[in-house]
Every structure is written in structure tokens, then in C-alpha cells.
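Report on the structure
If you want the building blocks of each chain, they are given just below.
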Amino acid sequence: MSKVDNSTEPLLAVTDLKVTFNTRGTTPVRAVDGVSFSVRAGETLGVVGESGSGKSVTSLAILGLLPERGVQVEGSITFDGAELLTSSEREMQAVRGRRVAMVFQDPMSSLNPVLTIGRQLTEVLRRHHVCHKAEAPGRAAALLDRVGIPEARRRLDNYPHQLSGGMRQRVMIAMALACEPAVLIADEPTTALDVTIQAQVLELLRELVAQSNTALILITHDLGVVAGMCDRVHVMYSGRIVESGERHPLFAQPRHHYTRGLLASVPRLDLVGGKLTPISGSPRDVIDWADGCAFAPRCPAVTESCLGTPPALEPLDDTFVRCVNPAPLGQSMWKAD
Amino acid sequence: MATVQEHLQSLMGNRVVETSGSSLTRETWNRLRHNRIALVGLGVIVFFVLIAIFAPWLAPHDPRATTWFDQIRPSSVPGPSREHLLGLDESGRDMLSRILYGARASLIIGIVSLGIGASIGAAFGLLAGAFGGWVDSVIMRITDVMLAVPGLLLALSIAAVLGQSQVAVMVAVAVPNIPLFARLLRSSMLAERQKDYVNAATSVGLGRRPLVMSHIVPNSLGPMIVQGTLALATAVIDAAALSFLGLGSADPGVPEWGRMLANAQRYLNVAPHLSIIPGVVIFITVLGFNLFGEALREALDPKLRR
Amino acid sequence: MLTVRDLRVHFPIYEGVIFDRQVGAVRAVDGVDLDIADGQTLGLVGESGCGKSTVGKAIVRLVPITTGTVVFDDIELSKLEGAELRKARRHVQMIFQDPYSSLNPRQNVGSTIAEPIKTHSLRQGAAVGQRVLELLDAVGLPRGAAHRYPHEFSGGQRQRIGIARALAAEPSLIVADEPVSALDVSIQAQVINLMEELQQNLGLTYLMISHDLAVVHHIADAVAVMYLGGIVELAPADRLYTEPLHPYTLALMSAVPVPDPVVEDRRQRTVLQGDLPSPANPPSGCRFRTRCPFVQARCAEEQPVLREVRPGHKVACHFAEELAEQRVSVR
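All values derive from a computational prediction rather than experimental measurement.

Quick word on the overall build of chain B
Summing up its helical and strand segments, chain B has 13 helices and 0 strands in all. The order of α-helices and β-strands along chain B, N terminus first, is α-α-α-α-α-α-α-α-α-α-α-α-α. For 306 residues, the compact-globule estimate of 2.2 N^0.38 gives 19 Å, and the C-alpha radius of gyration of chain B, at 25 Å, exceeds that figure by more than 25%. By principal-axis analysis of the C-alpha atoms, chain B measures approximately 95 × 60 × 30 Å. When burial is assessed residue by residue, chain B has 43% of its 306 residues classed as buried.

Here is the structure:
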């Protein structure tokens, strides 16, 4: 994996982030409910969750991409010492794309269909004053080369629709890396791609991150991707982190019942037979964190103490768990191969 | 364990709202009800429809009676007074009564013409969307031809054939709407055809008729309804405009807002109220339809809100 | 019970200013042979553009078949038209991918499920309503759902409604086109388990189409791997995953992430280069040769035939035996 220096200060630190959506005529929705994490240079952090977990909203909040009307953001997001939540739009523009960059999920709709790839790349370069106008096309071609697009010079004149999905995602990555950001946030970067293309793109991300010691925050619902890419993992449910830890201990001995449920319900390519044990109920079967543990309606190990007060994120052996009744050590997920 | 489940149920019960099957129509209606702009628009529409219906009972005088002609001078026309709340027109008739009766003409022409035009158009669109193939091509070429003729030219030609009459105006308002609604319904149907639930109904074994009528058409009506409401506004304006140009009834005494505007041109300097009153009335009616139409569009497509 | 021979589905490409001329064709399905026995599940896997969905739709006669035969229980489905086709449809039903567009938003759930029953006159009068309730029970939905509308349900519940609708016609074969791809991970397992349960209780036969190899591995008895319109490998499920023989299958297996960091760390990946060729203009000879790490001269000249290399294990590759000598395992 990458070489992470644990003695340095975290590059990006999110502390007690809360995002509330107020729509006219309905009750306010707390999409993110007190999330804290940090990432260091060269580290790859995985944020795992399903729809409704708040993982995408968290990434949008970091970059200040949430709409202004009807959205309330509280907490603290510090990058390199500066507090992003109180920064002006001007200051954010200096950070966005240049120091903290993002790769979005759907390469089909994330690129402007009426501009050539070259134009979109050079626009990024010139906007952040990375180089002069004359140099820009050369740099753009070099970027395309770096992300493994053959015939880079010729591709600069192509429009997005002339490229395949995998290529478009590489272009997105090239755009994100154009200014050599310190932190790269990738929100479901490979979900819309075929599995062989996904492997290519993830391989690319691994290489690039290792080369330039960029911190990578990988947001996904795919546990397999996380197992292969990330140093540390946070599992989100209903707006809060419910388990977090280094990847080996977390996958080998997950303590929170949601994490265990996820791992038990995902079919695996390398294991033969066996029944899938789904998590009962649906993501809609949830209670407010204020009333207790949001996962309680679906939890196979729910007890009376799970209700009434919300559980706190506590350290437990090798991980942090938000549960008053976590799975005991020694209860491995898998039978021996 | 039982108490934990009960406790959970009570906590979750607070969040779940039990509605017994709210169809999309009911939800649309709910959204409309809470939209203030929609209610204002609807209010205006209802108001004018009511005065159109009850004009004979509401009007204080006969709209065609030129009884007060002796009060008219070349340079002055009496404005609002106690006896005539909106004053007199240039021929000595009571403005208020003419406005009230005028609502009938405008709204009837507007609504009836549009209704006829939209129905014929929808019928064409339905055939084109349901059968596809050469039926579709033929119908589309016909609508192309209809769209190629400018509306005004069409109206004048119709007047030339039918003579100056309210029927001519109605036909002139109805005809341009035919290709509009035909295309609208057809394109909605084509879009819905691609959706999986139509495939599912086909694979279940449904024949063409139930497939089109039970599945495709009900889901294709949305855009047509919105367009219909907005087209009503245009129809009222078009009817007034054609009357203004002299295409309406040959009888100058017929109370019709557009004709009233035309007649008032000569008196713009001395008696502006002759132009302003019918103008404002047209404006408010059309605004009402537009506001309601826009609100309806928003209510039908919840993704548009925000 | 289901036999598919030399199935081809070519979509014409039209061009022209006033009159449309056919200038070419997208060869979505280009010569596919399948057999599924009663009560079995055949998995059909592949990436986007391989034609697997088109195969499913062709079997259910939702897209026109260019040539080839589909025979189901001695009925030649591919030849039927009109009223005969409509009657035969009830035996082969489909579950669709997108739970949000596969239900008529203006029809309540009870009516949606009742439609196949009424269309084929499987029950009369009050028995129809009773049957709808039974079907709702069978898919694990509350009986009250019958009066409600699709938008009131979650994705997983809508997919269950779709399954109930498919069951309503009392079919023998169900073609499931990516039935769980659009669902949350924790819900996917519920629906997969439901499908397995129904298969056991009702003796259903499944054609399971998916891009998700792990899901298919779990539920299928045999698996066919498709690439650019053709089947490149066909084997019993376990054999395919322990001993993949076609280079594409190898690449596919090695690309699928496994939620276990120990396995991930020691994996050897065969990462494919390049992109999928256009199905309107497939490569000569072996379709996979433009991306195959083992390509030889013969691959461009001669299209490999799907042939039995081991008992019950078919591969479409000239060099399958040689590659098997140095085979790479997933583990």
C-alpha cells in the first residue's frame, strides 16, 4: 500500500460535520449528523455507505458544492490550517480544483458535451494559473498521457461523446490532477463502469496516488473496491460513522452489526456455496439518532439499551465502533477456506 | 425481546404516515392546493368564468343599447360615474355591461376553439403514437404542412372563405392548435413507449389496444394538460387580436374585448379608459391562465421544484 | 426446456436525407446457442455492449429476432405472431432491471399484478383479488400494498412487485434482466434469496442476466460468458470460477473486487488493455483478439467455435487447451 507517515499532521480534517436540508413543507432532513475524520498525505481513506448514508453529501460539503438555499452546514472542515466552512467564495475557488479536487461518479454527465477535451483541460490549467496559455495544450497532452490515454495530442480535439466511459473517467481524473492537488476526493468513481474498466481505473488511481503522495478519499458502496484500495475505512449509516478502522482488522473482525450485515450479504466470487444473509428490512426502517441507534430496527442483536440514548463512537480493540452491543471478538465472518 | 420490538414500533410509528394509496393525481392536487400562485391563477380563471356565465344577471344595462349616445362629444367620452361604473364607450353604451358580456365571447371562443383544436390534434397524435410506421409518417407530414402556414395568414384565408363572423375566429383559433397537440401527444407517447413498464405489459401478453389505452396514454397526458392550460391563454389573446383586426362578427355592436380595443383607438387621447379597461381585463385573464398553467406544470413534475 | 440455436439480433443503422437507407447493422447478438433444463438457472454474464440483455429480450420477443430459433417446451417461440404469441407469452415472463420505470406509475399495485391474471383468464371474479393477495404474500409484501401506488415503495419493494407480476402469469421460465443491479447492497441479498426460494417452491427455471459475476456465481447452476454478441465460455458455475479457460473470462474474474483485503493483496490481476470494439464493426475472426493478451495469427483469420474442451465445459478459443496448461486461479 502507500507509505503513510503517521507523525505528520492531517492534511484535511472534518470535525463534527452536520448538514441539514430544509425543504418547504416537509420536516428538515439531517443528511450528515456529526461526522469526523481526517486524512494525511499519501493515505487512502475509504468511506463506505449505501444510499441515505450521507457519504456523498459529506464530500460535497468539503468542497463547498452544496446549494446555498435551504441547506445548513455546521461543524468544521480544516484544510492545511484554513477553515473551509467560513472561507469566502473567492478563497474556496482557490482551493477547489487546485488543492482539493474531486472526481465524480458519472463520466457521461460530468464533462461538458459541447467543449472539446482539450478545451476543458486547458481551462482548468489556466484558471488556476498553473502555466501560460501557450504551454497549456502541451501540459494537457502530458496529463492525458499520464492517465493512460493513447494518442494524447489527437484526443485533445475530441468531444466527450467520442470517448468511451472508461476514457471519460480517465479524463475526469486528469482534470482533477491537473493542478497536483494535495487531496483527491473520488465519489463512486467506478460505479458506472464495467468491471474490467473499473479495474483499469482503480489501478490508475493507485499508481497516481503513490507517485505524487496525494491523499485519496474514496467514497463508495462497493466493499470489494475498498478492500483493495484503502488504508483506513469509515462505515457510514444514516448520517453518522458507525465503525472505522484499518482495513485488515475491520474486514477480518467487524464489530458493528451493520458492517457485519453488509459483509454477510455480499456474494463473493472466491467462496463456494453458502447462503446470503441479508440485512432485514430496508434503509427506510430507521429511527432518529436522538431516539437511540438508527440501525436498531434492522439489527439482529438489538437490545433495550440500544434505544433511548444514541450510542457514541468508542474505541474498541483495533477499531472504533458506535454500538452498545458490538459483536464479540473471535466471531470471524468467514468459515475457513 | 417483545418490549424492544414494541418500543421500536412506537418510535418508528412517529415517522411513518399511513396513506391508503395516494395516486399521482391526488398528489398533484395536493401540491397544487398548497401553491399560492396556483390558487391565485385559479381564482382569476374561476372569476371570469363566473362573470361570463352570469353576465345577463350581473350586467346593469343592455350592452348593445346606445341609449346614452347624447352624452358623447367628439372630444369627450364620459368616464366612470355612479350610474355607469366603468363609464360609456364611444357609441354611448355602458362599458361595464359590455365587459361582462365580452367575457362570454372571449372565453367561449377561447375555450371552445381550443377544445376542438386540441381534441382533433390529440386524435391525430394518438393514431401516430399508437401505430407508428407509415401512419405516423403520414400524420407528421400533414402537421408539418399545417405548421408551415403562418397563423395570421391562415386566419385571414379562413375569414375570406367563411366571411366575417365569430365562427371564422373560432376556426382560426382552433386550426393552429391541431398540429401542436398532435405533436405533443405523439412525442409523449413515443417517450413512454421506451419505458420498461410498457415492455412489461407487452411481455405479459397485452394486445395493442389495452397497451396503448391503459398504459401509454394515461402517462402521456401530463404535458398535454399543461400545454392546454397555457394554450387557453394564447387562445384568448388570439381571439381578441383577430377581433381587433376586424375578423370577428361583422356587427360592430357585439361586445367583444378585442373589438372594443379596436374601436377605442381613435379615442386614445381623449378617452384612454376605452382602451385601458378592455386591455387590463384581457391582461388579467391571460395572466390567470398563465399562472395556473405554470403552477400545474410544477405540480405535475415534482423534480422541477426548487 | 429452453433451446436457443444460432440466435442473431441485428439492429439496422439508417442514414439518409429524405429517405432512410440501411447503411449497416449493430450486431448485438451474433450467433448464440443456449440450453436450459427444467428447474435450472443459467447465468448470462458480460459487460455492457455484450448483448446479454438483448438475448433476454429476444427470448421474450421484445426485440425482433433477425435469424435463429427459440424453442420452449416444444413451442417455437421465435415463429409465433399475433394472438398465438400473446397466448404463449404467459409461459415466459421477465423481471426488469429498473424498479423505477418497470411499473406503471398510474396503476396501483393490485391492478398491476392482476393484469396478467385477467389477460390470460387464469382466475375469475373474486378469485382474482384473492390470487393477488397470495402473490403479495409469496414475495414478502404486506397485503395492504395492493391499494397503493409504485411511488410509495422503495426500490427493493418495487422489485418484489415486479416479481409478483411475473409470477402472476404462472410461467415456467423467468428471464431476469439485471434484477438486483439497481438496488442497495443490503437489499440485493433479500431479493436474491427470494428468487431462490421461489425457484425451489415453484420449480421455476431462470435465465439470470447480470454483469455482477459474484451474484451470478451464487445463484446459477451453469454460466455463459458473453463478449460482443457471442458466447465465449459456457460451464457449470463452480467450474467456471475455479477453472476459467477463456482469456476474457480470466480477465473478468481477476477484475472483480473481493471484499477481503487479504485476498485482494495477493491477487494477480490480468488487466485488459484497450476498449470494446464497436458491435457495428466487430473484428474479423475471434472478436476478442484486439484485447487478448495471448493473441496469435490464427485468431484474425478464423472465428473460433464454441466447443467442448472438458465435459460440460465449452470454450470459444483456438488455444483453450494450451492456456489451460498454465492456468491462473482466482485464489
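Looking at the overall build of chain A
Regarding its fold elements, chain A presents 11 helices and 12 strands. Compactness check: chain A gives a C-alpha radius of gyration of 21 Å against a globular reference of 20 Å for 337 residues, within 12% of the reference. Its C-alpha atoms give chain A principal-axis dimensions of roughly 70 × 50 × 45 Å. The buried share of chain A, taken over its 337 residues, is 48%. Across chain A, every contact between residues at least 6 apart in sequence was considered, and the portion connecting residues at least 24 apart equals 63%.

Considering the confidence of the model for chain B
On average, residues of chain B carry a pLDDT of 84, and 95% of them reach 70 or more. Interface confidence for the predicted complex, expressed as ipTM, amounts to 0.86; the pTM equals 0.85.

Things to note about the interface of chain C and chain A
In this assembly, 38 residues from chain C lie in contact with 37 residues from chain A. Among the elements of the structure, α6 (185–202), α7 (213–219), α8 (237–242), α9 (247–255) and α10 (261–265) of chain C are those that each provide at least two residues to the side of chain C that touches chain A. It is α6(C) that contributes the most residues to the side of chain C that touches chain A, 7 residues altogether. Tallied by class, residues from the side of chain C that touches chain A come to 21 nonpolar, 9 polar and 8 charged.

Thoughts on the sheet that holds strand β2 (residues 29–39) of chain A
Residues and elements named next belong to chain A. With respect to topology, 4 strands assemble into an open sheet ordered β2-β1-β4-β5, the strand pairing being antiparallel. For this open sheet the edge positions go to β2 and β5 (82–83), each flanked by a neighbour on one side alone. Pairing geometry for strand β1 (residues 12–21) and β2, over 8 bridges, is antiparallel. For L12, the partnering residue across the bridge sits in β2 and is V39.

Quick look at the environment of B:N269
Following the sequence through the fold, B:N269 ends up in the loop between α12 (257–264) and α13 (273–300). C-alpha of B:N269 to C-alpha of B:S76: the two residues are 193 residues apart in sequence and 9.7 Å apart in space.

Here's the deal with the interface of chain B and chain C
Taken together, the contacts link 19 residues of chain B with 26 residues of chain C. Every element with two or more residues in the side of chain B that touches chain C is listed here: α10 (196–204) and α11 (208–244) of chain B. Among the elements that line the side of chain B that touches chain C, the one with the most residues is α10(B), at 7 residues.

Comments concerning the environment of C:P261
Residue placement: C:P261 occurs in helix α10. A count of 22 C-beta atoms within 10 Å places C:P261 in the buried class. In this structure, C:P261 is in contact with A:A227, A:R247, A:H248 and A:F251, ignoring residues within four places of it in sequence.

A look at the sheet that holds strand β4 (residues 67–72) of chain C
Ordered in space as β2-β1-β4-β5 (chain C), the 4 strands form an open sheet in which the pairing is antiparallel. Two strands close off the open sheet at either side, each with one partner strand: β2 (21–36) and β5 (75–76) of chain C.

Here we look at the pairing of strand β10 (residues 230–236) of chain C
Residue and element names in this part refer to chain C. Of all 7 residues in β10, 6 are buried, a share of seventy percent or more. Sheet analysis places strand β9 (residues 222–227) next to β10, joined by 6 bridges and oriented antiparallel. Bridged to V225 within β10 is E233. Counting the residues that bridge the hairpin from β9 to β10 gives 2 residues, and of these L228 lies at a positive phi of roughly 50°. For β10 and strand β12 (residues 313–315), the ladder comprises 2 bridges, and the chain directions are antiparallel.

A short note on the packing of helix α5 (residues 95–131) of chain B against helix α6 (residues 133–148) of chain B
Residues and elements named next belong to chain B. Axis separation between α5 and α6 bottoms out at 7 Å; the angle between their running directions is 145°. For the pair α5 and α6, the sense of crossing is left-handed. The segment α5 lies against α6, with F124, L127, A128 and F131 engaging G133, V135, D136, I139 and M140. Its residues assigned to classes, the contact of α5 with α6 shows 7 nonpolar, 1 polar and 1 charged.

Digging into helix α11 (residues 257–265) of chain A
Along α11(A), 9 of the 9 residues are buried, which leaves the element largely enclosed by surrounding structure. Listing the buried residues of α11(A) in full gives A:H257, A:Y258, A:T259, A:R260, A:G261, A:L262, A:L263, A:A264 and A:S265. Elements that come into contact with the buried residues of α11(A) comprise α9 (223–229), β9 (232–237) and β10 (240–246) of chain A together with α6 of chain C.

Comments concerning the environment of B:G121
All names here are of chain B. With respect to the helices and strands, G121 occurs in helix α5. Looking at G121, the number of C-beta atoms within 10 Å reads 26, which means it is buried. Residues G121 and P179, spaced 58 residues apart in sequence, show a C-alpha to C-alpha distance of 5.8 Å. Non-local contacts of G121, meaning those with residues more than four positions away in its chain, are made with N177, I178, P179, L180, F181 and A182.

Side note on unusual backbone geometry
Residues and elements named next belong to chain A. With a phi angle near 50°, E180 is a residue other than glycine that sits in the positive phi range. With respect to the element layout, E180 can be found in the loop between α7 (165–177) and β7 (183–187). Phi at D317 is positive, roughly 50°, even though this residue is not glycine. One can find D317 in the loop between β11 (314–316) and β12 (319–321). On the neighbour-count criterion, D317 (12 C-beta atoms within 10 Å) is exposed.

Quick notes on the pairing of strand β3 (residues 41–45) of chain C
Remark: a regular strand shows side chains that alternate across the two faces of the sheet. All names here are of chain C. Most of β3 sits out of view: 5 of its 5 residues are buried. In this structure, β3 lies alongside strand β8 (residues 205–210), joined through 5 bridges in parallel fashion. Of the residues in β8, the one forming a bridge with V45 is S210. Two strands pair when backbone bridges link them, and β3 and β9 are joined in this way by 4 bridges, in the parallel orientation. Along β9, the bridge assignment pairs L42 with A222.

Section: the packing of α10(B) against α11(B)
Residue and element names in this part refer to chain B. At a minimum axis distance of 10 Å, the contact between α10 and α11 shows a crossing angle of 155°. With respect to α11, the axis of α10 lies roughly antiparallel. Considering the relative orientation of α10 and α11, their crossing is right-handed. Between α10 and α11, the contacting residues are Y197, V198, A201 and T202 on the first element and L211, H215 and I216 on the second. Per-class residue counts for the contact of α10 with α11 are 5 nonpolar, 2 polar and no charged.

Quick notes on the rules
Residues numbered from 1 in each chain as written. Chains lettered and ligands numbered in written order. Predicted model: local features only at pLDDT ≥ 70, side-chain atom pairs only at ≥ 80, totals over all residues. Helix = DSSP H or I, 4+ residues; strand = E, 2+ residues; numbered from the N terminus. Rg over C-alpha atoms; globule rule 2.2 N^0.38 Å. Buried ≥ 20, exposed ≤ 12 C-beta atoms within 10 Å, placed from the backbone. Contact = placed C-beta atoms within 7 Å. pLDDT = per-residue confidence, 0-100. Nonpolar A, V, L, I, M, F, W, Y, C, P; charged D, E, K, R; others polar. Pairing = 2+ DSSP bridges. Axes fitted to C-alpha atoms, helices over the stretch in contact; angles between N-to-C directions. Left-handed = near helix turned anticlockwise from the far one by under 90°. Parallel < 35°, antiparallel > 145°, perpendicular 65-115°, else oblique.

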